[in-house]
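# Observations on chain architecture
Spelled out from the first residue to the last, the chains are:
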Amino acid sequence: MADAARGLERALGPLLAAACGAHRAAFGAPALLAAWAPGRVNLIGEHTDYNGGFVLPMALPLGTVLVGSPTKDKTISILTTSAEADKPHLVQFPAPCQSSPLSPGQPRWANYIRGVIQHYPGGPVPGFSAVVASDIPLGGGLSSSAALEVATYTFLQQLCPDDGDLVAKALVCQKAEHTFAGMPCGIMDQFISVMGKEGHALLIDCRSLETVLVPLTDASLAVLITNSNVRHTLTGSEYPMRRRQCEEAAAALGKTSLRDATMADLEVARSSLGEEVYRRARHVISEIARTAQAAQALQDRDYGMFGRLMVESHNSLRDDYEVSCLELDELVAAALEVDGVYGSRMTGGGFGGCTVTLLEAGAAERAQRHIQDSYSGTATFYLTKPSGGAKVLPL
């Protein structure tokens, strides 16, 4: 484990150095504080988090760093090094106070940061300068937004400490995304970015917020993320519409959320739901059950069972929830043709982004070659292991 931690520190070196260099160039002074938060890949449990269900993500070695220094005035200045972020890449705004709170605006990338600053419980937040740098692909479904929120919060904890409550930290970051980015996300992304543990996936009960660490340390096993490089933007109508359909189904079944519903309940109400809402609910109810089963399979090292559940999950997301796309379906089909692959599925919100594949470590190279040869687009691969959660970086 210590080796993996040292490996992560080495991998962060260039990202951290680039951020510190950009800070000195932009603001004429060295960065004194640094924080890092990981992206995540969800192994199984998609679109279940806002239905009070189970999810099984792992934190990634890919992440976002935020470096900076307090300033004498009450101005907050933030620069992003991401060429893909909307412009301007440098923003300035006054630190919030009770009579003058922050509100969302342009550019969009800065809203995630503004939201965390506004909702941060450990204030008052002073003026500061900061630079953001990330190696998480934007729009890839690996949660670059939650990593930015959690890195911001971890940075603020050094400027003006809060009480250190990790659950509260994740909830503030989620609230920032709801209120400043207009994205009604569940709790999974922020939770795993805060709570991730090296060598483990995390089974999260999104209703009780209880977590169970599931070991993922078998050296003969690998997790391959394949980026379709098809970009999705989820704040369009599709994500909120799915969420409304789930709420509609739960109400029709007389349940607080679909977490409390069974397949039998759903079948009884089928005629009153409408076919589309019925299929949305069928995905969620079956996916919640699959995720609990998959966590047990991983505990038991029953990788064949885990892989079968991944494929069932993908098919359900494709056919019942209708959030896959041709590119993701192509990538999954190609992965499943490779000997040594246990299972593969789309991961993240959908409409592009990434697939996640569980496979024998020895099959990784073969799988990447075959997927690239079979795919109509250009894929990017990340062969990865579970990482730890957000942390302060020494400068």
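### Topic: the sheet that holds strand β8 (residues 221-227)
- Pairing within the open sheet is antiparallel, and its 4 strands lie in the order β9-β10-β8-β11. The sheet is open, and its two borders are formed by β9 (341-347) and β11 (380-384), each paired with just one other strand. Along the sheet, successive strands turn relative to each other by an average axial angle of 20°, direction set aside.
- Of the strand pairs in this sheet, β9 and strand β10 (residues 354-360) are connected by 6 bridges, and their pairing is antiparallel. By the bridge assignment, T347 is partnered in β10 with C354.
- Of the strands in this sheet, β8, β9 and β10 are in contact with helix α9 (residues 303-319), which crosses β9 at around 30°.

### Structural notes on the pairing of β8
- Across the 7 residues that make up β8, a large majority, 7, are buried.
- Side chains of β8 alternate between two faces, with L221, V223, I225 and N227 and A222, L224 and T226 buried alike.
- Both β8 and β10 contribute to a ladder of 7 bridges, which runs antiparallel. What sits directly across from I225, in β10, is V356.
- Relative to β11, β8 runs antiparallel, the two sharing 5 bridges.

### What about helix α2 (residues 109-119)?
- A large share of α2 lies buried, amounting to 9 of its 11 residues.
- What α2 keeps buried is the set W109, A110, N111, I113, R114, G115, V116, I117 and H119.
- Against β3 (75-80), β4 (90-94), β5 (128-134), α3 (144-159) and α4 (166-180) lie the buried residues of α2.

### Quick notes on the side chain of R290
- Topologically, R290 is positioned in helix α8 (residues 275-299).
- Engagement of the side chain of R290 in a polar contact is seen with the side chain of S316, the distance being 3.4 Å.
- Residue contacts for R290: discarding those within four places in its chain leaves I44, H283, L309, E312, S313 and S316.

### Focus: the side chain of N42
- Take N42: it is sitting in strand β1 (residues 33-44).
- A polar side-chain atom of N42 sits 3.3 Å from a polar atom in the side chain of E46.
- Engagement of the side chain of N42 in a polar contact is seen with the backbone nitrogen of L56, the distance being 3.3 Å.
- The residues touching N42, leaving out its near neighbours within four places in the chain, are V55, L56, P57, M188, R345, T347 and V356.

### Topic: the pattern of salt bridges
- Enumeration according to the criterion identifies 19 salt bridges in this entry.
- The shortest N-O distance in the salt bridge between E267 and R270 comes to 3.8 Å. With E267 and R270 both in helix α7 (residues 263-273) and 3 residues apart, the pair spans about one turn of that helix.
- Accessibility expressed as a relative area gives 40% for E267, which makes it partly exposed.
- In this structure, a network of salt bridges that share partners links the residues E46, E287, R290 and R345.

### Focus on the packing of α2 against α3
- Close contact between α2 and α3 brings their axes to 9 Å; oriented N to C, the two are set at 40°. By the angle class used here, α2 and α3 are oblique. Relative to α3, α2 is oriented so that their crossing is right-handed. Facing α2, whose interface residues are W109, Y112, I113, V116 and I117, α3 presents S145, L148, E149, T152, Y153 and L156.
- The class makeup of the residues in the contact of α2 with α3 is 8 nonpolar, 2 polar and 1 charged.

Rules used in this analysis
Residues numbered from 1 in each chain as written. Predicted model: local features only at pLDDT ≥ 70, side-chain atom pairs only at ≥ 80, totals over all residues. Heavy atoms only, no water. Pairing = 2+ DSSP bridges. Helix = DSSP H or I, 4+ residues; strand = E, 2+ residues; numbered from the N terminus. Axes fitted to C-alpha atoms, helices over the stretch in contact; angles between N-to-C directions. Contact = heavy atoms within 4.5 Å. Buried < 20%, exposed > 50% of the residue type's maximum accessible area, 1.4 Å probe, protein only. Polar contact = N/O pair within 3.5 Å; in protein donor to acceptor, adjacent residues only side chain to side chain. Salt bridge = Lys/Arg side-chain N within 4 Å of Asp/Glu carboxyl O. Parallel < 35°, antiparallel > 145°, perpendicular 65-115°, else oblique. Left-handed = near helix turned anticlockwise from the far one by under 90°. Nonpolar A, V, L, I, M, F, W, Y, C, P; charged D, E, K, R; others polar.

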